[in-house]
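Working through the structure, step by step
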Amino acid sequence: MQLQQFVTEIIEEIGGFVEPIEYALCNVLIPEDYISHFQNRAEICLAFDFEVAQENPEAEFVTFGSYILEQLLAIVQEQAVSTLRFVEVERLELGNPLKKISDYLMNESGKLTIVEERPILGIWAVFNYQITYVSDERIETSDQVWINLLTNEVSSTMKKDQNRIIYKHEALYNYPIPIQIDLSKSLEVATKYVKQKGEQQNNQVHKLVALEKDVTRITNYYTELLNENEKRASRKGLSDEKKKEITTKSAAIELEKDKQLQEIHNKYNVQTEINLDNGILYFIPLLEFTLNIEFRGTGKKKIIYYNPITKKLFEGNS
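Residues numbered from 1 in each chain as written. Predicted model: local features only at pLDDT ≥ 70, side-chain atom pairs only at ≥ 80, totals over all residues. Heavy atoms only, no water.

A closer look at the overall build of the protein
Formally: A run of DSSP states H or I qualifies as a helix once it reaches four residues; a run of E qualifies as a strand once it reaches two. Both are numbered from the N-terminal end. Each radius of gyration reported is based on C-alpha atoms, and the globular scaling rule is 2.2 Å times the count of residues to the power 0.38. For every residue, the accessible area obtained with a 1.4 Å probe (protein chains only) is divided by the maximum for its type, and the residue is called buried under 20%, exposed over 50%, and partly exposed between those limits. Contacts are assigned to residue pairs that have any heavy atoms within 4.5 Å of one another. For the accessible areas, the method is Shrake-Rupley and the probe is 1.4 Å, while residue cover comes only from the protein chains on display. His is not counted, nor are the chain ends, whereas Lys and Arg count as positive and Asp and Glu as negative. Here the site of a charge means NZ on Lys, CZ on Arg, CG on Asp, or CD on Glu.
Secondary structure summary: the protein contains 8 helices and 12 strands in total. Rg of the C-alpha trace for the protein: 32 Å, well past the compact-globule value of 20 Å for 318 residues, more than 25% over. Considering only C-alpha atoms, the protein reaches an extent of 100 × 85 × 25 Å along its principal axes. Residues counted as buried form 38% of the 318 residues belonging to the protein. Looking at the protein alone, contacts between residues at least 24 apart form 65% of all its contacts between residues at least 6 apart. A total accessible area of about 20000 Å² is found for the protein, and carbon and sulfur atoms account for 48% of it. Here the protein carries 36 positive and 49 negative side-chain charges, and the mean point of each set is 15 Å from the other.

Here it is in structure tokens:
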């Protein structure tokens, strides 16, 4: 009954309810957020034994490959905090590589020679962030950052071309990984990038102009109120009680002005909250070219990769 325990744990983890009826038979309540996975059914009867399923025709038999189990596995995949994806490519080859690499390195002086060509596995880390902008209201959004672990750089190209990727959850290729991956470094790069992006959005010029405009409007309004109140205080023959009343009112106007200015600063000075939602590692077959470049009697080594997903070359760390 390990399968029944596995299914029960998944359903309870997503907020559902499992009611055992008898041996290998139970009723299940599916949370509303997940009923679309089960043909919009909120209640399902499940059987985990073939004979029990035959004796209870209203029950769905759960076994490996069954519809119910496939849907539950899909939910697990969607809700995973981290996961691995192994990308399948149709062809891993680059025609006329020397010319294409020479064109790519057009600013490199010297004679270029390909010393070695081999298939390897490149790795991209994908971090999904939840971003909240907090001012007088909360605006929630999300962003995805792709990091090429061969270079530890943000890869906007892979983010853009991700719909070309076909992947499986089992390893497909036995190619070497040419580097020691540093996930901490890639997370640091991604988080720094998404923070900078958020700050840029907060510092949009039009917001600063609008803030200055509102501050000027509020300041002028309350300055006029204070001037008017001071004129009243300068009249002759006012009693001490009246003078005290006018002074108190001036203080109240100052407090109200400060309050209004603080509120307007809070409105425009948006605070950004960033939380990492989940992460994915994509293992993608690449072609690695080791080059030797001879220039004025000296040679140097350079590594170039060909990515069959983007159909582009990129430079590795020599």
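Overview of the sheet that holds strand β4 (residues 60–61)
Definition in use: In this analysis, strands are considered paired if DSSP registers two or more bridges between them.
As summarised here, the arrangement of the 4 strands in space is β1-β2-β3-β4, forming an open sheet in which the pairing is mixed. Edge positions in the sheet fall to β1 (17–22) and β4, since each has one partner strand and no second. Examined bridge by bridge, strand β3 (residues 43–47) and β4 share 2 bridges and lie parallel to one another. Across the sheet, L46 pairs through a bridge with E60, a residue of β4.

Some details on unusual backbone geometry
Apart from glycine, the bulk of residues carry a negative phi angle, and the bulk of peptide bonds sit in the trans form. The phi dihedral of N96 falls on the positive side, at around 50°, and the residue is not glycine. Mapping N96 onto the fold places it in the loop between β5 (82–88) and α4 (97–104). Here the phi dihedral of R296 falls at roughly 50°; this positive angle occurs in a residue that is not glycine. Following the sequence through the fold, R296 ends up in the loop between β10 (271–295) and β11 (298–307).

A short note on the environment of N174
Within the fold, N174 resides in the loop between β9 (166–168) and α6 (183–202). Taking relative accessible area as the criterion, N174 reaches 80% and is therefore assigned exposed. In this structure, the C-alpha to C-alpha distance between N174 and D103, residues 71 residues apart in sequence, is 30 Å.

A short note on the nonpolar core
Applied cut-off: Throughout, nonpolar core names a set of buried Ala, Val, Leu, Ile, Met, Phe, Trp, Tyr and Cys residues whose side chains join them through atoms within 4.5 Å.
Core analysis: the biggest nonpolar cluster contains 27 residues, and V7, L46, F48 and V62 have the highest contact counts within it. The contact partners of V62, leaving out residues within four places of it in the chain, are L3, V7, L46, A47, F48, I68 and L69.

Some words on the pairing of β11
Strand direction decides the pairing type here: β10 and β11, joined by 9 bridges, are antiparallel. Paired with T290 across the bridge in β11 is I303. Here 4 bridges tie β11 to strand β12 (residues 312–315), and the two strands are oriented antiparallel to one another. Pairing of Y305 across the sheet is with F314, part of β12. Linkage of β11 to β12, two consecutive antiparallel strands, is achieved through a turn of 4 residues, within which K311 is found at a positive phi near 60°.

Let's talk about the pairing of strand β7 (residues 138–148)
Of the strand pairs in this sheet, strand β6 (residues 111–134) and β7 are connected by 11 bridges, and their pairing is antiparallel. Of the residues in β7, the one forming a bridge with Y129 is D143. As judged from the 2 bridges shared by β7 and strand β8 (residues 153–154), these two strands associate in the antiparallel manner. Bridge pairing in β8 links I147 to V154. Adjacent in sequence and paired antiparallel, β7 and β8 are bridged by 4 residues, among which N152 carries a positive phi angle near 55°.

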